[in-house]
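Fold and geometry: a report
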Amino acid sequence: MPRLFAALFLLFGSSLPAPAQFGLPGGSSTTAVMVPETSAIAPGKPFTVAMKLTHPAEWHSYYKNSGGIEIPPAINWTLPEGFTAGPIQWPVPEIKDGPAGRSLIYSDSPVFLIEITPSPAIAAGETATLTAKATWQICKTACVNEKKTFTLTLPVAGEAAADPAHAALFSAARAKIPAPNLDWTVAAQKDGQDIALRLTPKSNAVRALTSFNFDFVSDQPFVQPGLDPATVTRDGETWVVPLKRITEDFIGEAVPQEDSFSGILVSKTDGIATVAIGSTAITDLSAAPGAAAINSPSPASGAGLSFPLILGGMFLGGLILNLMPCVFPVIGIKIMGFVQQAGHDRKKIVLHGLIFALGVLISFWVLALALFAGKITNWGNQLQDPRVSCVTLLVMLLLGMNLYGVFEIGTSATGVGGSLARKQGVAGTFFSGVLATLVATPCSGPFLGVAIGAAATLPAVPFFTAFTFMALGLSLPYLVLSAFPSLVERLPRPGPWMESFKQGMSFLLFATAGVFLWIYGAQVFDRNDGQKGLWVMLGLSGVACAAWIYGRWTQPFRKVAVRLAARVVALAFLLGGIAAAWPWPAPVPVAGEEKQKVEWHPWTQKEMESLLASGQPVYIDFTAKWCLTCQLNKSRAYPPEIVKLMKDKKVVAMKADKTNTNPEIEAKLKELGRTAIPVNVLYIPGQPEPIITPELLSPDVLKELFGKIP
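Reading the values: rules and limits
Residues numbered from 1 in each chain as written. Predicted model: local features only at pLDDT ≥ 70, side-chain atom pairs only at ≥ 80, totals over all residues. Heavy atoms only, no water. Helix = DSSP H or I, 4+ residues; strand = E, 2+ residues; numbered from the N terminus. Buried < 20%, exposed > 50% of the residue type's maximum accessible area, 1.4 Å probe, protein only. Contact = heavy atoms within 4.5 Å. Pairing = 2+ DSSP bridges. Axes fitted to C-alpha atoms, helices over the stretch in contact; angles between N-to-C directions. Parallel < 35°, antiparallel > 145°, perpendicular 65-115°, else oblique. Left-handed = near helix turned anticlockwise from the far one by under 90°. Nonpolar A, V, L, I, M, F, W, Y, C, P; charged D, E, K, R; others polar. Salt bridge = Lys/Arg side-chain N within 4 Å of Asp/Glu carboxyl O. Core = buried A, V, L, I, M, F, W, Y, C linked by side-chain atoms within 4.5 Å. Arc of directions from axis to C-beta. pLDDT = per-residue confidence, 0-100.

Let us look at the overall build of the protein. Helices and strands together make up the secondary structure of the protein, namely 21 helices and 25 strands. Per-residue burial for the protein yields a buried fraction of 44% across its 710 residues. Pairs at least 24 apart in sequence give 73% of the contacts found in the protein among residues at least 6 apart.

So this is what it looks like as structure tokens:
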């Protein structure tokens, strides 16, 4: 039923006829003009015409792939015999997020260029009449179809003559059309259900890039517009860009899938061109003999690593686990236990070492199976979900605090299976290997986290191979020392150095948590008018406080009542912190009921004086990201009724942001007699003195303030 309602609503809205001469609900219609670049044309010499659409405020039209089921502009030409019209040359659109998904739109005044080629048989001195019937759709909260017929009559001369009156228009329009692709070699491969776009630099400009600061506009509806730079990885020189497929539109209709696609690689870096990516076939390497499936590596861990390098890293990570305080002290004890059980028989000692390693291997295979069954191998794709980023960030933070010694986990692991490990013979040695894995796992944070991130980019067989190498790294000292038990005497003695080593390893985890915080910040910090980032940081502080309370006040020597109270308080801080940091879904607005927001403009003294001179009241918010009271005011003082009141009173809202040093803002505050923020000021034309509000704002305060405007 919701799908049917949405479809009927859109069809009703988009079926409203609105020729360009008629007004639209809530504003005037699009102003459409078509002009030629030349004042005279020449036989057989191509020339260009431009169609410019100036939309009503807050309305927009669409790119040739609208991103949904909206209708892009189209032109039906009636031309003299022998004339031909080329396709519309599309400027780069904006990517707009909305309740129905991402759309590719043009706001304000898009200009579309079309190349016309005259007949070579037309003679100088004649005239040529071109007729273009143009249609387009504009949308705001509903959609309206518009149309207009243009007629151009152009003289024919021996040489084409440019029209200087339109030179600026055509120059600006060409600047917004993507350039031919001279920078990249492009390929595309299937990545599970999605697509991996592979971009290899050809020009020195893009070869020098150290980060991928681009967006992607697709020409076909089955490829989702936009991309997350945090998911882009490197494979040698090649950038691997994950693109999501769209299999059904927002009303549930299937979107046809194709074997190739094209689009625009939109640059956000100065000096790097926005280029058109031509038709690119999507290859399926998994169908080729011996070819491995392509998965997008995790950007935070091992992205772009070759398989041998991943194996080497896994092996080294397993080897370093033996230096952890929970593992290292038992190595010598275990080896001497092998010697005692085998009665100094060299072959039997080696056999015990091999059985012990088998216990470790099987334990790691079980761990890998659990991770694989839980689809952790889609780790790179999962990071597109902010909930996964949040959980990973919290886990890395808590594991880092654990390694640093703020609290302890895994201290009872040595008791797990202890009775089995104390058994004599081969069975006891095997379960000692299992126990060693259990004991090592709580200490493996900085290595296991990175290992999963790297190995998760691999298909099943290489994935299990990678974890096998980690198990071999953990087992290696036991294998070597069982073959040469006399080396036990040369092992360093356990001591304080091991605790220092463990604490040092915690900073690897804190660094990993920082990377995930960066990813998570890109996903959610701008929510709730920029307030979500503040709550995430407070939430992480709450989680860290919970870990400290647990580690400080639940130790065995504390009284039972103290330990119980500490657990309750720690749990409250933990749950409260997670709730504050969690990426709760933002409410999806119903069409026509979107939350009204204040439209802020950057403050300058010159702009403010210009607005006041034109008779418009000006409201200035002197603010900064680091001002918590400012953020509180923003979250509570501007409900829809205040936004409506500001619009009714024609108040222009200006933001004077002093997050960074700004001498002009400092001078203005000094003029107002203020040294600290927040400061909110209303200037009313004709009144000599501004009205300064209290520091703490509320809707009632602003209602009274704007009520003073005549």
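Now that the structure has been shown, we can carry on.
In this section: the sheet that holds strand 23 (residues 652-657). The strand order across the open sheet formed by five strands is 21-23-22-24-25, and the pairing between neighbours is mixed. The open sheet has two free edges, formed respectively by strand 21 (600-602) and strand 25 (691-692), since each of these has just one partner strand. Pairing of strand 24 (residues 679-683) with strand 25, which is carried by two bridges, proceeds in the antiparallel orientation. Across the sheet, residue V681 finds its bridge partner in strand 25, namely I692. Sheet strands in contact with helix 18 (residues 628-636) are strand 22 (618-623), strand 23 and strand 24, and its direction is about 135 degrees off that of strand 22.

It is worth spelling out the environment of A160 at this point. With respect to the helices and strands, the residue A160 is situated in the loop between strand 11 (143-155) and strand 12 (161-162). You can call A160 partly exposed: its relative accessible area is 43%.

Right, let's get into the sheet that holds strand 3 (residues 47-54). The antiparallel open sheet is built from four strands, whose spatial order is 1-3-9-6. Where the open sheet ends on each side, the last strands, each with one partner, are strand 1 (31-36) and strand 6 (84-89). Pairs of neighbouring strands in the sheet enclose a mean axial angle of 20 degrees, with direction left out of account. Relative to strand 3, strand 1 runs antiparallel, the two sharing six bridges.

With that settled, consider the pairing of strand 9 (residues 111-117). Moving residue by residue along a regular strand, the side chains alternate between the two faces of the sheet. Strand 9 sits mainly inside the fold: five of its seven residues count as buried. Sheet analysis places strand 3 next to strand 9, joined by six bridges and oriented antiparallel. By the bridge assignment, F47 is partnered in strand 9 with I116. Bridge count for strand 6 against strand 9 is four bridges, and the pairing is antiparallel. In the sheet register, T84 faces strand 9, and the bridge partner there is T117.

What follows deals with the packing of helix 19 (residues 640-648) against helix 21 (residues 699-706). For any two helices packed against each other, the geometry is given by the interaxial angle and the distance between the axes. Packing of helix 19 against helix 21 leaves a shortest axis separation of 10 Å and a crossing angle of 15 degrees. Between helix 19 and helix 21, the interaxial angle falls into the category roughly parallel. Between helix 19 and helix 21 lies a crossing of left-handed hand. Where helix 19 approaches helix 21, its residues I642, L645 and M646 are matched on the opposing element by P699, L702, K703 and F706. Taken together, the residues that form the contact of helix 19 with helix 21 break down as six nonpolar, no polar and one charged.

Another point: unusual backbone geometry. Note the cis peptide between I677 and P678, where omega equals 10 degrees. Considering the arrangement of structural elements, one finds P678 in the loop between helix 20 (663-671) and strand 24. Positive phi values are uncommon outside glycine, yet E58 reaches one of about 75 degrees. If you trace the backbone, E58 turns up in the loop between strand 3 and strand 4 (60-62). When its relative accessible area of 57% is taken as the criterion, E58 is described as exposed. A positive phi is found at D108, a non-glycine position, where the angle reads about 60 degrees. With respect to the helices and strands, D108 occurs in the loop between strand 8 (101-107) and strand 9.

So, about the pattern of salt bridges. Under the counting rule described, the total for this entry stands at 12 salt bridges. In this structure, R207 engages E237 in a salt bridge whose closest nitrogen and oxygen atoms are separated by 3.3 Å. Remark: E237 occurs in the loop between strand 17 (233-235) and strand 18 (238-243) and R207 occurs in helix 3 (residues 204-207); sequence separation between them is 30 residues. Classification of E237 by relative accessible area gives partly exposed; the value is 38%.

Time to look at the nonpolar core. Core analysis: the biggest nonpolar cluster contains 34 residues, and M34, V49, M51, I75, W77 and I116 have the highest contact counts within it. Those elements that provide at least two residues to this core are strand 1, strand 3, strand 5 (74-78), strand 8, strand 9, strand 10 (127-139), strand 11 and strand 19 (260-267). It is strand 10 that contributes the most residues to this core, six residues altogether. Look past the residues within four positions of I75 in its chain and what remains in contact with it is M34, M51, I88, I114, A132, K133 and A134.

Listed as buried for helix 21 are L702, L705 and F706. Along the axis of helix 21, the buried residues cluster in a sector spanning 85 degrees; they form a single face. Facing away from the buried side of helix 21 by more than 90 degrees, the exposed set consists of D700, K703 and E704. On its buried side, helix 21 packs onto strand 22, helix 19, strand 24 and strand 25.

Atom-level detail of predicted coordinates should not be read off regions where pLDDT is low. Of the residues in the protein, 74% reach a pLDDT of 70 or more, and the chain-wide mean stands at 78. For residues 1-23, every residue scores under 50 in pLDDT, and the model assigns this stretch 32 contacts once sequence neighbours within four places are set aside. Across residues 442-447, confidence stays below pLDDT 50; counting only partners more than four residues off in sequence or on other chains, it has 22 contacts.

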